[in-house]
Every structure is written in C-alpha cells, then in structure tokens.
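Inside the fold
For reference, the chains in residue letters:
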Amino acid sequence: MPRVDRSLVQPGGALLVIVAAAVLVPEYWLFLATSALVSAIVLLGLGVVGRAGMNSLCALSFAAVGAWTVARLSVWDVPGGLLLWVVAGGVAATPFGVLIGLPALRLRGIHLAVVTLGFAAASEVVIAAVNFPGVDTFEQVGRPGFLATDRQYFVYAGLLFVVAAFGVELLSRTRMGAAWRAVRFSERATAAAGTSVARAKLSAFALSAFVAGLAGGLLAGQVGMVTAQNFQTIGSLALFVVAVMAGSEYVGGALFGGLLMTFVPEIFRRLEISQDWANILFAVGAVQALSQGTSISDGIARRVRTRRPVPEPGERKVAAGEARREPPSGDVPLLKVEGLGIRFGQIAALKDVDLVVPEGTVMGLIGPNGAGKSTLTDALSGFLPSATGSVTLAGETLNERPAHRRAGAGLRRTFQQDRVPTSLTVGAYLRFAAGRRVERAELDEACSFLGCPTADRYVADLDVGSRRLLEVTAALLARPKLVVLDEPAAGLARAESMALADRLTEVPERYGASVLLIEHDLDMVRRACATAVVLDFGEVIAAGPPAEILARPEVARAYLGDEVALA
Ligand SMILES: Nc1ncnc2c1ncn2[C@@H]1O[C@H](COP(=O)(O)OP(=O)(O)OP(=O)(O)O)[C@@H](O)[C@H]1O
C-alpha cells in the first residue's frame, strides 16, 4: 500500500466527516454544525500555541479582529467578496498575535495566561465601544450566491476548516513546528539547537491569531451581523478549557471540541437546563485532563501508538569502529577562552579560566562534582550573559552573542539533563537540530555511526542512554565547528561508553568538528582524548595528555581528597 503523508491523515478524515454531514444532516442542524466549525477553527489556533507550551485566553479577541475586518470590507463592498475578506480577516488578526506574543518572551505559565486574559477583557471593552461596521445601518455581511443556503455555507466552513487544519499540520512538520515543540520541552535546548526562542513563540502566536481571525470572518459571514456579544471573554475562557480537555493540538481534537462547544449547550437548552452548566461540565473535563496530564486526544493517540509494532529494543548499539585509532591531536587553536569568570552570588563558579581547544581534536574536560564543568559549558554556549572574559571560535568573538547565535556560529552543545522533546520522532528532532536539509540516507548513516535509534522511533519511547546519543547525533548533524558534550555516556553500558569514545575519535575527520568532552568516566576520556583539562573549584589545575595529568598529585587530590591522595 502506498505510504500516505501523515499530515494528510487527520485533515483527510475531517474532510470525510464534513462531506458525510453535508449530505446526510438536515439543514437546521447544519447551521449549528457551521458554528461548531467556527469554534473548531479557533481551537486549531489554540492548538498551535499549546504545541509551544503557552496558554492563550484571548482567542476570541483575535476572532473579533477577523470579524471586524470582514464586516468593514463588506460595508465598503471591497472587490473579491467574502472568500477574500475572510483571508483578510486572518491577516488583520496576525499582528495582534505578535503583539500578544511579546510578553510571552518573558512570561510563562500562569503569568502569561493572566496577560492574555487581560487582553481579552480589554478588547471586549474596546469592541463594545467601537461597535462592528454595518451594525448601526443594519447592513448584513454580503455572501456570494453560491454560499446562499446554510448547506452551502456549511460546506464552505468545512473546507476552510480542512484547509486550515492541513496548513497547521504541514507547518507543524517543518523546522518551525519542531521549534514550537522544542520550546515547550526546553527553551535552553531550543536555543542551543540554533533556534531563536523568541521567533518560535512569536510565530506560534501569529499563526494562532491568523487562524482565529479566519474563524471570526467565517462567523461574520454566517450570522451576517456580529456584535461584541459574540466575542466575550467568557467565550475565550470556555474555548481554552475545551482545548485543554479535547486536545486541540490534534485536528480530531479541535473538531470534537468544536462540536462539544456548540451541541452540548444546545442539548441543555432543549432539556430546559441552563446553558451555564455546559461550561461547568467543560471545566470538570479540563480539570480531569490536567490532573491526568493528558487530553482526550492524547489518550487516543497514545493507544494508537502502542498498537504500532515497536522496533527491536536492542537497536541502540554503539558499534565498535573497524579499527581503534589514536585520539586525534592538533595545534591550531579553534576555541580560545581567556579570563572566563562566573559568580553565583558569593560563589565564584569559574575563576579566570584560560582554555584552548585545537582544531581537529577531541579534548577532555574533567574535574570533581561542583568543579564548574557545566557552568563552563553554559558560559561557552551563551546561557550565562554575566560571564566575564572572552570566548572566540575560529577567530570570531562570541561574547555578545545569545545562545542561538553561538550555535549558528558553529558552537553546539548537549545537556547533562534530558532536553529532547518527547513529542517528536528521532528523525524530526534530528532535522530540527541540524537546521539544514538532511537527506534520509545521511540521517540513517549518522544514526548508525553513533548507535542512535532509527528515525521513525518516538523520542518518548527511548531510554536515557539513547536520548543522549540522539543529542550527540543531532549536534553533529548541524555540522558545527565545535561540539561540547556534557556527559554523553550517562545511561550507557560500559562497552557502549568505550565504543562511543572510539567513535568520538573519528568525529573531527568525519564531521569536521572538534569535540570538548566533559566526562566523569576517566577511562572514556583516556580513550577518546589526546589532551584534557582539569577543573577544580572553578580553576584550571592541570592540562595535558590524560595519562600524564591523571598521574599528578594535585589532580588525585582534587578527585580523592587530601588524605587519600597522600596515602
Ligand atoms: N545556578 C546556580 N546558582 C548558584 N550556584 C550554582 C549555580 N549553578 C552552579 N552553581 C555552583 O557553581 C559551582 C559549579 O557547579 P557546576 O554545576 O558547574 O559543577 P560541575 O563540575 O558541572 O559538577 P557536576 O560534575 O556535578 O555536574 C558549584 O559550587 C555549584 O553549586
């Protein structure tokens, strides 16, 4: 059977449901179903910010901008008609998304939610004051003849939903979409992969606003005349709650959420129960989803995934190289660190550190716990802007550059803690981190070289050791000048650590990158590195070939303490 592009599956399924409804459902219900599609499109937009781990409580404010634009263009009778006006509504809402995204650059979680809620409340007041175009003169939004009936309008709404869903799915499979997921998992790892966290967040808000703007325009065309009543803050809150419960990051979840938002209150109305109970029901559902950490769609997706055949678990094998080679050495400086200092309050974590990593080499960085190794990695990769001293890479000074620019300049790093977004596949993460077009053959080759699991595995299914290898592979696929590996062998068996050490000796020649290897496993450092630097209490206490420096008494003392070293 031919392989169907996964981005087509969910929108394709939604298209089938909509076509079936257009044929089978009576016209009265189709008006309500169109309302459900309007909500579903807004929910798709909420799914975009949700993918990036942000909360937006002002979705209807963006929709209001779209509706206002359509009403204005209709009153002016701008050529192009409703189909074009709706798109213009989306475009008009986009800058508002960027505007609201700006606080998201500094705020997270509840703080960001409060800001978006404030925007929703403020925009409600503004909308009520300025009124929608055409309301005072009782002018309805003009609909073209081919969208005159409710059935025709439902088909249009359905197609708009499918196109929006397809667009969102397609974008979420690009590097930008991977950046949204990466930001949600770890902003630091996103920056370390060379992606601007600000751009990822702003693009998510902009797209979310565009999609909500489309929905607002669609609503204006459906009801003919919108008012401030259609865009109340409580409506935005209800949409957020349903997004959490249904899981609007999934096309099916957005569609299901839209149906809930429209038909549950309608059923309550018919049963002569207050429609407010619908919101209470949604809130209970959202609390349930939050307490379990999964939406309804997440639960279904997880079940579908566990039914798929899982590749052999034993595939993570760092294969030993054909022939063990000597660690590569060199004397042309690549990374030059001079007088690097970092203070955390009273603690001087790094004191005037000088360091040179030569081109084409694997250099070790060792030292006891708390010596300052991770602090040095953070300072080199741009996560500690308060660092003093200078860092140059291949003659370029990196001092003033933020983390993603340093990655762009060719300095990549991995993390001691797990920082790989679990919602991606191995292939999607590698392509995202590589930051360039990588053919499947190159991807597979790099994976098999470093023992990283195959491209179609989900990161969520990998153990700690495999995730480390994935991070190393990702960093190398970016073709950096220097890669700083922070304990890459954590979680690997001893034979695998040794095989990884052998592989690292091949990296300079194979990938054109030098390696700065931070490891507690001294055997691995001996095996992979021509030279090593020892840090203790934030100072360089020794540098040279590993066997030689490890024999020095001051190094033994740093590792083992005075008494043992003197014994
Ligand atoms: N954010 C921070 N705030 C305050 N002190 C910190 C911070 N990060 C590190 N330190 C301190 O700086 C010193 C160096 O820590 P660092 O984590 O760099 O050591 P390390 O050599 O990487 O240790 P390990 O091998 O355990 O990872 C330690 O004294 C640590 O307590």
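For the chain, an unreviewed UniProt entry supplies the name ATP-binding cassette domain-containing protein and the organism Actinomadura yumaensis.

1. Digging into the overall build of the chain
What the chain contains, in helices and strands, is 23 helices and 10 strands. Classification of the 567 residues of the chain by burial places 50% in the buried group. The long-range fraction of contacts in the chain, counting pairs at least 24 apart against all pairs at least 6 apart in sequence, stands at 76%.

2. Quick look at the pairing of strand S8 (residues 514-518)
Summarising burial for S8: five of the five residues are buried, a large majority. Burial along S8 is two-sided: Ser 514, Leu 516 and Ile 518 and Val 515 and Leu 517, pointing in opposite directions, are all buried. As paired strands, strand S3 (residues 362-366) and S8 are joined by four bridges and run parallel to one another. Opposite Met 363, over in S8, you have Leu 516 as the bridge partner. Sheet topology note: the strand S7 (residues 482-486)/S8 ladder contains five bridges and is parallel. In the sheet register, Leu 482 faces S8, and the bridge partner there is Ser 514. With helix H19 (residues 494-511) bridging S7 and its parallel neighbour S8, the resulting β-α-β unit is right-handed.

3. So, the environment of Ala 243
With respect to the secondary-structure elements, Ala 243 resides in helix H10 (residues 233-246). For Ala 243 and Leu 334, which are 91 residues apart along the polypeptide, the C-alpha to C-alpha distance reads 49 Å. In contact with Ala 243, not counting residues within four places along its chain, are Leu 43, Leu 46, Gly 47, Gly 50, Ser 248 and Gly 257.

4. Some points on the pairing of strand S10 (residues 539-544)
In this structure, strand S9 (residues 531-536) lies alongside S10, joined through five bridges in antiparallel fashion. Its bridge partner being in S10, Leu 535 is matched across the sheet by Val 540. Counted along the chain from S9 to the antiparallel partner S10, the turn is two residues long, and its residue Phe 537 has a positive phi close to 45°.

5. Re helix H7 (residues 175-185)
Counted residue by residue, H7 has eight buried out of 11 residues, so it is predominantly covered. Regarding H7, the residues found buried are Gly 177, Ala 178, Ala 179, Trp 180, Arg 181, Ala 182, Val 183 and Arg 184. Against the buried residues of H7 lie helix H2 (27-51), helix H6 (150-172), helix H8 (187-192), helix H9 (197-223) and helix H16 (426-434).

6. Observations regarding the packing of helix H4 (residues 81-104) against H9
The geometry of H4 relative to H9 is characterised by a closest axis approach of 6 Å and an angle of 145° between their N-to-C directions. Handedness of the H4/H9 crossing: right-handed. A class-by-class count of the residues in the contact of H4 with H9 yields 19 nonpolar, 10 polar and one charged.

7. Details of the sheet that holds strand S4 (residues 388-393)
Taken together, the four strands give an open sheet; going across it, the order is S2-S1-S4-S5, and neighbouring strands pair in antiparallel fashion. A strand with exactly one partner marks an edge of an open sheet, and here the two such strands are strand S2 (347-358) and strand S5 (396-397). With two bridges connecting them, S4 and S5 associate as antiparallel partners. For Leu 393, the partnering residue across the bridge sits in S5 and is Glu 396. The strands touched by helix H14 (residues 373-380) are strand S1 (333-344), S2 and S4; relative to S2, the strand with the most contacts, the crossing angle is about 65°.

8. Thoughts on the UniProt feature "transmembrane region" (unreviewed entry) in the chain
The UniProt record annotates "transmembrane region" (unreviewed entry) at residues 7-25, 31-50, 57-76, 82-105, 112-133, 153-171, 204-225 and 237-264. Between the C-alpha atoms that bound residues 57-76 there is a distance of 32 Å. The span itself is 90% helix and 0% strand. The span residues 112-133 carries 86% helix and 0% strand; its end-to-end C-alpha distance comes to 31 Å.

9. Considerations on the domain arrangement of the chain
When its domains are assigned, the chain resolves into domain 1 (6-306) and domain 2 (333-566). Averaged C-alpha coordinates put domain 1 and domain 2 at centres separated by 43 Å. On the side of domain 2, 20 residues touch domain 1, which itself brings 17 residues to the contact. If you list the elements that add at least two residues to the side of domain 1 that touches domain 2, you get H7 and H8. Take the side of domain 1 that touches domain 2: its biggest share by element is seven residues, from H7. Residue classes in the side of domain 1 that touches domain 2 are distributed as eight nonpolar, four polar and five charged.

10. Overview of the environment of Glu 139
Take Glu 139: it is sitting in the loop between helix H5 (109-130) and H6. The partly exposed category is assigned to Glu 139, around which 15 C-beta atoms lie within 10 Å. Counting along the chain gives 86 residues from Glu 139 to Met 225, while the straight-line C-alpha distance between them is 7.4 Å. Other than its neighbours up to four places away in sequence, Glu 139 contacts Val 75 and Gly 134.

11. A look at the packing of H10 against helix H12 (residues 276-292)
Two elements in contact, H10 and H12, have axes separated by 8 Å at closest approach and are oriented at 40°. On the basis of their axis angle, the class for H10 and H12 is oblique. As for the relative orientation of H10 and H12, their crossing is left-handed in sense. Contacts from Ala 238, Val 241, Val 242, Val 244 and Met 245 of H10 reach H12 at Asn 279, Phe 282, Ala 283, Gly 285, Ala 286, Ala 289 and Leu 290. Split by residue class, the contact of H10 with H12 holds 10 nonpolar, two polar and no charged.

What counts, and at which threshold
Residues numbered from 1 in each chain as written. Predicted model: local features only at pLDDT ≥ 70, side-chain atom pairs only at ≥ 80, totals over all residues. Helix = DSSP H or I, 4+ residues; strand = E, 2+ residues; numbered from the N terminus. Buried ≥ 20, exposed ≤ 12 C-beta atoms within 10 Å, placed from the backbone. Contact = placed C-beta atoms within 7 Å. Pairing = 2+ DSSP bridges. Right-handed = clockwise from strand over helix to strand, strands pointing away. Axes fitted to C-alpha atoms, helices over the stretch in contact; angles between N-to-C directions. Left-handed = near helix turned anticlockwise from the far one by under 90°. Nonpolar A, V, L, I, M, F, W, Y, C, P; charged D, E, K, R; others polar. UniProt positions renumbered as here; feature names shortened; annotations may be inferred. Domains from an automatic or database assignment. Parallel < 35°, antiparallel > 145°, perpendicular 65-115°, else oblique.

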